[in-house]
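Chain by chain, the residues:
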Amino acid sequence: MTENNPKKILIIEDETSISDIIKFNLKKEGYAVETAYDGKDGLDKALSGNCDLILLDVMLPIMDGFEICRRVREHSSVPILMLTAKEEEVDKVLGLELGADDYITKPFGMRELIARIKANIRRTAQMTEPPQASSDTRDFGSLQIDLTRFEVRKNGQRLDLTLREFELLRYLAEHEERVFSREQLLEEVWGYEYYGDIRTVDVTVRRLREKLEDDPAQPAYILTRRGIGYYFRRPQ
Ligand code: CA
């Protein structure tokens, strides 16, 4: 990150005390910050499309964070990190189902929040780098994974994956036939000390299968090894 081209974070959070302290800390880290204090303004700013990551509270005036997440995902794969309250366990899973990349539970430490933001932005930065002349594409029969363009094609059709879905598929495909536990996948794919729970992996696998598989109930690419975890198999 250079000073000339700071990454921009959009904070959608109605509690000004929380918003202010996040803003203060992000600016100190060299990020540009935009704020919205209600759901409608948040959605408008999110859809303007010039932020590099969205921090999204769940309970907001006018429109809640889930609705914002769902609508943003119709247009954009910008990383979304949801802010959820401690007692709202169900919110985490729902947020991920709607396409959020990550969540952090209130109250959270600034160091943890910034680590999450950095990890999520690092991956996006790789995505937006201009593709190299020689693309690095892995061929799995009907499936092509382009590692420089961060694109997946199935039978020539480009799949619209979020960054996390792409990373998960890439990791499993690069280790064809090897079974990974959910804990291993959290560590390897999510890429930092993850304080969340392993349902995150299940939800992301389910979303990925819905986009990838002909029949998500009878997956051909991402298979379950019952009681252990998941693995990738090249379809015959
Ligand atoms: Ca709130």
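Anything mentioned here points back to the structure above.
Reading the values: the criteria
Along each chain, the written sequence defines residue order, and numbers are assigned to residues from 1. Restriction of local features to residues with pLDDT of at least 70 applies here, the model being predicted, together with a cutoff of 80 or more for giving and counting side-chain atom pairs; totals for whole chains, interfaces and linings are based on all residues. As a rule here, side-chain values come from all non-hydrogen atoms in the structure, and water together with hydrogens is ignored. Space inside and on the surface of the protein is sampled on a 1 Å grid over the protein atoms alone, with a cavity defined as a set of points where a 1.4 Å probe fits but cannot get out and a pocket as an open set with protein on both sides within 12 Å along at least 5 of 7 lines; lining residues have an atom within 4 Å of a point. Grid points are joined across faces, edges and corners, and a volume is the space filled by probe spheres set on the points. Amino acids outside the nonpolar list (Ala, Val, Leu, Ile, Met, Phe, Trp, Tyr, Cys, Pro) and the charged list (Asp, Glu, Lys, Arg) are all regarded as polar, and Gly is one of them. By definition, any uninterrupted DSSP run of H or I lasting at least four residues is a helix, any uninterrupted run of E lasting at least two residues is a strand, and each is numbered from the N terminus. Two strands qualify as a pair provided that DSSP identifies no fewer than 2 bridges between them. Note on contacts: a residue pair qualifies if any of its non-hydrogen atoms lie within 4.5 Å across the two residues. Note on geometry: axes are lines fitted to C-alpha atoms, helical ones only across the stretch in contact, with angles between N-to-C directions running from 0 to 180 degrees.

Moving on: the layout of surface pockets. The calculated volume of the second largest pocket comes to roughly 160 Å³. Contributing to the lining of the second largest pocket are 14 residues, with R73, S76, D160, T162 and K211 lying nearest its centre. Residue composition of the lining of the second largest pocket, grouped by class: two nonpolar, five polar and seven charged.

Take empty space enclosed by the protein next. Per the counting criterion, the structure on display carries one cavity of 30 Å³ or more. Reported here for the largest cavity is a volume of approximately 40 Å³. Lining the largest cavity, in full, are P79, D101, A119, N120, R123, L163 and R164. Secondary-structure elements contributing two or more residues to the lining of the largest cavity are α5 (110-128) and α6 (163-174).

In this section: the sheet that holds strand β12 (residues 229-232). Ordered in space as β10-β12-β11, the three strands form an open sheet in which the pairing is antiparallel. This sheet does not close on itself; its edge strands, each paired only once, are β10 (180-181) and β11 (222-225). As paired elements, β10 and β12 share two bridges and run antiparallel to each other. By the bridge assignment for β12, S181 is matched with G229. Sheet contacts for α6: β10, β11 and β12; angle to β12, the most-contacted strand, approximately 70°.

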